[in-house]
Amino acid sequence: MKPTLFLLAAGMGSRYGGLKQLDGLGPNGETIMDYSIYDAIQAGFGKIVWVIRKDFEEQFRTQILSKYEGHIPCELCFQGLDALPEGFSVPEGRQKPWGTNHAVLMGKDVIKEPFCVINCDDFYNRDAFMVIGKFLSDLPEGAKNQYAMVGFRVGNTLSENGTVARGICSKDAQDHLTTVVERTEIVRCAADGTNAGAASEPIRYKDEQGQWVVVDDNTPVSMNMWGFTPDYFEHSEAYFKEFLSDPKNMENLKAEFFIPLMVNKLIVEKTATVKVLDTTSKWFGVTYAADREGTVARIQQLIDEGVYPNKLF
């Protein structure tokens, strides 16, 4: 059974200043997700599913879905604040979505095969899709609790225009993930945080005490590219009820149910293993509005090198 590509497309790009999912960056108005889908098709994926917000369904169908007709089967599902288990309701004043793992849960009725979850606004590059596609395709039929994560080398994931947030990963001797720790400020800089972005400086992240800690360029980080089997939905449903039952999460109107939160629980309890898959791919994207020009140039360079055709679909 061919794996499915599941794109998280329900968020607003707050730092970027708009719906960057729909921003045309290629020569014919291609979005970053168009390149991801093209790469996924090359890597043997058999279906595309998006989770989006209901309020931009019409624009999404017109601008995005229509171009894939005849290329690959596509489906939509929707993330809404009120998509909660029976017995739970949205706290008064809550406006923020429930997070990435809540978005993943929205696919439970349409995804019945191994699947890869990605952000729709990150340019992952083809090797990453080949690596995760092979892992998912090689799983025995009916496999459960054997998951994977593409571990990008942190040095391949930086922005030239500011700090980035990444999940810094640790793994054991079998390349199984042991922890993911979200670091919200990662950048090349001096020990005191100055000289940010200089190629001569090591990569550092700011820890809980506000100190800059050096991290090796090849340290694996999560770019939210995960490989799961459908049993992951069952784990997520059960844990989401626990999450919602915690008064702290209901009182904090910005509390989110993230994928690493779920994955860490499964690892700690030894319910599942998560293989860290290495990739040579160099990530790029539009974390900041100033990243846009460089992203357009890098896409054009890949076209000039023959990696992509001038027109994808």
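Coordinates for the structure precede this section.
Novice: Got a minute to help me understand the overall build of the protein chain in this structure?
Specialist: From N to C terminus, the protein chain includes eight helices and 13 strands. A compact globule built from 313 residues would reach a C-alpha radius of gyration of about 20 Å, and the protein chain, at 19 Å, matches this within 12%. C-alpha extents for the protein chain along the principal axes are approximately 55 × 50 × 45 Å. Scored against the burial criterion, the 313 residues of the protein chain give a buried share of 51%. The contacts in the protein chain between residues at least 6 apart in sequence include a share of 73% that link residues at least 24 apart. If you sum the accessible surface of the protein chain, you get close to 14,300 Å²; carbon and sulfur atoms cover 48% of it. Counting 32 positive and 43 negative side-chain charges, the protein chain places the centres of these two groups 1 Å from one another.

Novice: Would you mind going over the pairing of strand β2 (residues 47-52) with me for this structure?
Specialist: Burial within β2 is extensive, with six of its six residues counted as buried. Sheet topology note: the strand β1 (residues 4-8)/β2 ladder contains five bridges and is parallel. Among the inter-strand pairings, Leu5 is bridged to a residue of β2, identified as Ile48. Bridge count between β2 and strand β3 (residues 74-78): five bridges; the pairing is parallel. Looking at β3, one finds that Ile48 is bridged to Cys74. As for the winding sense of the linkage, the β-α-β connection from β2 through helix α2 (residues 57-63) to β3 is right-handed.

Novice: It is not clear to me how the environment of Asn28 should be interpreted in this structure. Could you clarify?
Specialist: If you trace the backbone, Asn28 turns up in the loop between β1 and α1 (32-42). Counting along the chain gives 282 residues from Asn28 to Asn310, while the straight-line C-alpha distance between them is 7.8 Å. With residues near it in sequence (within four places) discarded, Asn28 still touches Asn310 and Lys311. At 2.9 Å, the side chain of Asn28 and the backbone oxygen of Asn310 are in polar contact.

Novice: Which parts of the structure should I look at to understand the packing of aromatic side chains?
Specialist: The geometry of two aromatic rings is summed up by the distance between their centres and the angle between their planes. Across all of its chains, the model carries 24 aromatic pairs by this definition. An angle of 70° between the planes, with centres 6.2 Å apart, marks the rings of Tyr38 and Phe313 as edge-to-face. Linking Tyr38 in helix α1 with Phe313 in the segment after α8 (291-304), this pair joins segments that are 275 residues apart in sequence. Between Phe123 and Phe284, the ring centres sit 4.3 Å apart and the planes meet at 15°, which makes this aromatic pair stacked. Note that Phe123 is positioned in strand β5 (residues 122-123) and Phe284 in strand β13 (residues 284-285), a separation of 161 residues in sequence. As far as the burial class goes, Phe123 and Phe284 line up, both buried. Its guanidinium or amino end placed over the ring of Tyr239, Lys265 lies 4.7 Å from that ring's centre, counting from NZ or CZ.

Novice: Could you clarify how one ought to interpret the pattern of salt bridges in this entry?
Specialist: Pairing between side chains becomes possible if they bear opposite charge and their charged atoms approach one another. One pass over the structure, following the stated rule, counts 19 salt bridges. Its salt-bridge partner being Asp109, residue Lys108 comes within 3.7 Å of it at the nearest N-O pair. Through salt bridges that share partners, Lys47, Glu75 and Glu113 make up one connected network.

Each value, and the rule that gives it
- Residues numbered from 1 in each chain as written.
- Predicted model: local features only at pLDDT ≥ 70, side-chain atom pairs only at ≥ 80, totals over all residues.
- Heavy atoms only, no water.
- Helix = DSSP H or I, 4+ residues; strand = E, 2+ residues; numbered from the N terminus.
- Rg over C-alpha atoms; globule rule 2.2 N^0.38 Å.
- Buried < 20%, exposed > 50% of the residue type's maximum accessible area, 1.4 Å probe, protein only.
- Contact = heavy atoms within 4.5 Å.
- Areas by Shrake-Rupley, 256 points an atom, 1.4 Å probe, with all protein chains shown as cover.
- Lys, Arg positive; Asp, Glu negative; His and termini not counted.
- Charge placed at Lys NZ, Arg CZ, Asp CG, Glu CD.
- Pairing = 2+ DSSP bridges.
- Right-handed = clockwise from strand over helix to strand, strands pointing away.
- Polar contact = N/O pair within 3.5 Å; in protein donor to acceptor, adjacent residues only side chain to side chain.
- Phe/Tyr/Trp six-rings, centres within 6.5 Å; stacked < 30°, edge-to-face > 60°.
- Lys NZ or Arg CZ within 6 Å of the ring centre and 35° of its normal.
- Salt bridge = Lys/Arg side-chain N within 4 Å of Asp/Glu carboxyl O.

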